[in-house]
Every structure is written in C-alpha cells, then in structure tokens.
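Observations on the model geometry
Take a look at the letters that make up each chain.
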Amino acid sequence: MNHSPVPMYLQEGDDRNGLPQNLLDLFGTNKLVKICAPMVRYSKLAFRTLVRKYGCDLCYTPMIVAADFVKSAKARDSEFTTNQGDHPLVVQFAAKEAKVLADAAHLVSPFAGGIDLNCGCPQRWAMSEGYGACLINKPDLVSDMVRQVRNRVENPNFSVSIKIRIHSDITKTVDLCQKAEAAGVSWISVHGRLPEERHQPVHYDGIKIIKDSLSIPVVANGDIKSLKEAENIHHVTGADGVMAARGLLANPAMFAGYEETPLTCIEDWIDIALEHGTPFTCFHHHLMYMMERITSKQEKRVFNVLSSTSAVLDYLKGTYGV
C-alpha cells in the first residue's frame, strides 16, 4: 500500500497507472452513453462491477459529503473503494463550499476520471445543510465550485460535472447551465423533475430545451427502465447520454437489452458480491430488487426475510438452480 500522505483507496495489490482517459471522449463517439447513477448505499464497487459487465459505459459512486471526506481518513476509507477494473468512474460529492469541493477532488483525482457536484438531491436533510437541489438557486456558487476544482486538479483531462434538477421556470435552469458551461463544466446531467416532485412524470421537454441551449454534453435522467426507453429519451431530448438508477437496481442487465434480470446476472452478482466481501444486508437488498419482477408474491415473502448468506444461496439453488 501507499504510505504517502494522500490516502489510497485501491485494494491491496492494485496498480492504477492505466487511469481512464479523458471521460469526455465517451461523449465524442455519437453513440448513446449509458450511465449508472449515483445511488446512496447502492452504487458501490461491487454493483458497479456488475453493471459494467452488462453494457454500462460509465459509473458514479454514491454521493459522498465532501467536508467529511476531506476531514476524516475514516470517512475516506469507508466511503470510497475502487480497483483496477473500476473505470470510467466519477466520484459524486455533496458540497457547499468551493475550497472543500476542490480539496476533495484533489484527493480522488489519482483514482477516478472525474468528480460530480450533486445539485439535485431533494432530501430534506441535504437541502437544510445547503447541499443538493438547493444549489440550483445559486448559479454563481456552482460556477465558482467548478472553477476552483479546475484550478486545483492538475490533470487537464479530469472531468468536472454537475447533476441538477430543474426549475418550474426552465429559463432559470438554462441560465444556471450556461454559467456552469462558461466556468468549464464538462457535462451536465439533468433529472427532469422539480426538487419537490417525486413520482410525477419527467419533464423531458425541459431536458431538450437545456440540451438545445448548450454546446457541452447533456445526460438525461429520470424513470429510465429499459434500453428501449433509454433510446427513445435520447431521440426525444437529443441528450448525449442517459443515466438510470432504479431501473438498473431492478435489472442490472438493462443496458444490455434484457427486459428483466437474467439468471446469469444473478449468478454474476453472487460471485462479485462474495468476492468483494459485500455486507449481507446490501447483498440481500440487491437481490430483492433484481428479483422483484421475476418472483411470485409467495416467493418474495420467503426470500425477503432470509437472514444469512448461506440461507440465500440455498434458496436460490433450490428454487432456480442458481
């Protein structure tokens, strides 16, 4: 392991000289870029490893609070783990101060291709702390944060992106995005809902307006549950990429064109999760999501209350031959 002052998050024995190229190159191919969204508790290394096997081009870490990450080695070790195969990778941060975000970006820059500033989380705790979706009303602060990361990280290929929700007055969102573009943001991911909207229909027309107003890549996010839907949204909005969260949780093979989780994907998850030493709760929750569409109510009742890895493995073997 590295004994320099900058912490290493690589697993023992990893060598990361082959760090990702400029992530913007992904968007230069004219093909739809398929992205695994940042998901609290869920988009961790083991799950990223799984979705990469099934057509995912780019993965985000779960959101990490930048201030804690900068202050505490313990937070760094528990929040961010990567390995040699884990790229292209973006580390997502919640931050409200430019210097703190720049310091966090500097710490991860040897191990990831870019960082993303969360300007979209609508949860009450995040908003009350000055994080997440409240930042869409602070375009000058967001621009300053982008600029300071650019100045702090020496690698010119390191990407700095933002993930936003939209305003009810879309011209405000366009203004925010244009200011971020002028500050040097690499791309913008747009969840096409207002901060207060949860399950309402996604405003894909808003994403299209934003795309038409910028010259940098735009990623569409919100309710994408199949490859067909992803391609349709790409067509409707003109977005350069699509980002899925719940759709991938329910079917990690979605971007490979599967309509529901294939058994091979469940087998792959078991192998990867056990190899990574995934805690049981996380291992089990992922399987509950993945099997949601392929199990009966009766089967769910049995499966969802299993309480050990061996019980889960026995059940899957007995019921599905996995």
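A quick note: this is a predicted structure, and the numbers were derived from the prediction, not measured.

1. Quick word on the state of the cysteines
Two cysteines, two sulfur atoms, one covalent bond between them: this is a disulfide. All chains considered together, the criterion is met by zero disulfides. No disulfide involves Cys 119; its sulfur sits 8.7 Å from the nearest other cysteine sulfur, which is in Cys 134. What makes Cys 119 buried here is its relative accessible area of 1%. Here Cys 177 is not disulfide-linked; the sulfur of Cys 119 is the nearest cysteine sulfur, at 9.4 Å.

2. Observations regarding the pairing of strand β9 (residues 241-244)
Side-chain alternation along β9 places Gly 241 and Met 243 on one buried face and Val 242 and Ala 244 on a second face that is also buried. Strand direction decides the pairing type here: strand β1 (residues 33-36) and β9, joined by four bridges, are parallel. The residue of β9 that forms the bridge with Lys 34 is Val 242. Pairing analysis gives three bridges linking strand β8 (residues 218-221) to β9, with the strands arranged parallel. Residue Ala 220 lies in a different strand from β9, and its bridge partner there is Val 242. Each parallel crossover has a hand, and for β8 linked through helix α9 (residues 227-237) to β9 it is right-handed.

3. As for the packing of helix α8 (residues 204-213) against α9
Following both chains from N to C, one finds α8 and α9 inclined at 55°, their axes separated by 8 Å at the closest point. In terms of their interaxial angle, α8 and α9 are classed as oblique. Mapping the contact onto sequence places Tyr 204, Ile 207, Lys 208 and Lys 211 in α8 and Ile 233, Val 236 and Thr 237 in α9. A breakdown of the residues in the contact of α8 with α9 according to their chemical character gives four nonpolar, one polar and two charged.

4. Some words on the packing of aromatic side chains
Scanning the model with the defined rule gives eight aromatic pairs in all. Their ring planes at 75° and their centres at 6.4 Å tell us that Phe 47 and Trp 269 sit as a pair that is edge-to-face. Separated by 222 residues along the polypeptide, Phe 47 in helix α1 (residues 45-53) and Trp 269 in helix α11 (residues 263-276) bring together distant segments of the chain. For Phe 47, a relative accessible area of 1% translates into the label buried. Judged by relative accessible area, which is 0%, Trp 269 ranks as buried. Plain terms: the ring middles of Tyr 54 and Tyr 258 are 6.3 Å apart, the flat faces sit at 75° to each other, and that makes the pair edge-to-face. Of this pair, Tyr 54 sits in the loop between α1 and β2 (58-60) while Tyr 258 sits in the loop between α10 (246-250) and α11, and the two are 204 residues apart along the sequence. A relative accessible area of 37% means that Tyr 258 is categorised as partly exposed. Its end group placed over the ring of Tyr 131, Lys 96 keeps NZ or CZ at 5.3 Å from the ring centre.

5. Comments concerning the layout of surface pockets
Empty space among the atoms becomes visible once a probe the size of a water molecule is rolled across them. Roughly 850 Å³ of internal volume is contained in the largest pocket. Contributing to the lining of the largest pocket are 32 residues, with Pro 38, Pro 122, Arg 165, His 191 and Ala 245 lying nearest its centre. Its residues assigned to classes, the lining of the largest pocket shows 15 nonpolar, nine polar and eight charged. By volume, the second largest pocket is sized at about 400 Å³. Lining the second largest pocket are 22 residues, and of these Lys 44, Leu 45, Ala 46, Thr 278 and Pro 279 lie nearest its centre.

6. Brief notes about unusual backbone geometry
In this structure, Pro 88 follows His 87 across a cis peptide bond, with omega equal to 5°. With respect to the secondary-structure elements, Pro 88 resides in the loop between α3 (73-79) and β4 (89-94). A positive phi is found at Arg 41, a non-glycine position, where the angle reads about 70°. When you line up the elements, Arg 41 lands in the loop between β1 and α1. Positive phi, close to 60°, is recorded for Asp 223, a residue that is not glycine. As for its placement among the helices and strands, Asp 223 is situated in the loop between β8 and α9. The class for Asp 223 is partly exposed, based on a relative accessible area of 28%.

Calculation criteria
- Residues numbered from 1 in each chain as written.
- Predicted model: local features only at pLDDT ≥ 70, side-chain atom pairs only at ≥ 80, totals over all residues.
- Heavy atoms only, no water.
- Disulfide = S-S within 2.5 Å.
- Buried < 20%, exposed > 50% of the residue type's maximum accessible area, 1.4 Å probe, protein only.
- Helix = DSSP H or I, 4+ residues; strand = E, 2+ residues; numbered from the N terminus.
- Pairing = 2+ DSSP bridges.
- Right-handed = clockwise from strand over helix to strand, strands pointing away.
- Axes fitted to C-alpha atoms, helices over the stretch in contact; angles between N-to-C directions.
- Parallel < 35°, antiparallel > 145°, perpendicular 65-115°, else oblique.
- Contact = heavy atoms within 4.5 Å.
- Nonpolar A, V, L, I, M, F, W, Y, C, P; charged D, E, K, R; others polar.
- Phe/Tyr/Trp six-rings, centres within 6.5 Å; stacked < 30°, edge-to-face > 60°.
- Lys NZ or Arg CZ within 6 Å of the ring centre and 35° of its normal.
- 1 Å grid on protein atoms, 1.4 Å probe; cavity = no way out; pocket = protein on both sides within 12 Å on 5 of 7 lines; lining within 4 Å.
- Points joined across faces, edges and corners; volume = space filled by probe spheres on them.

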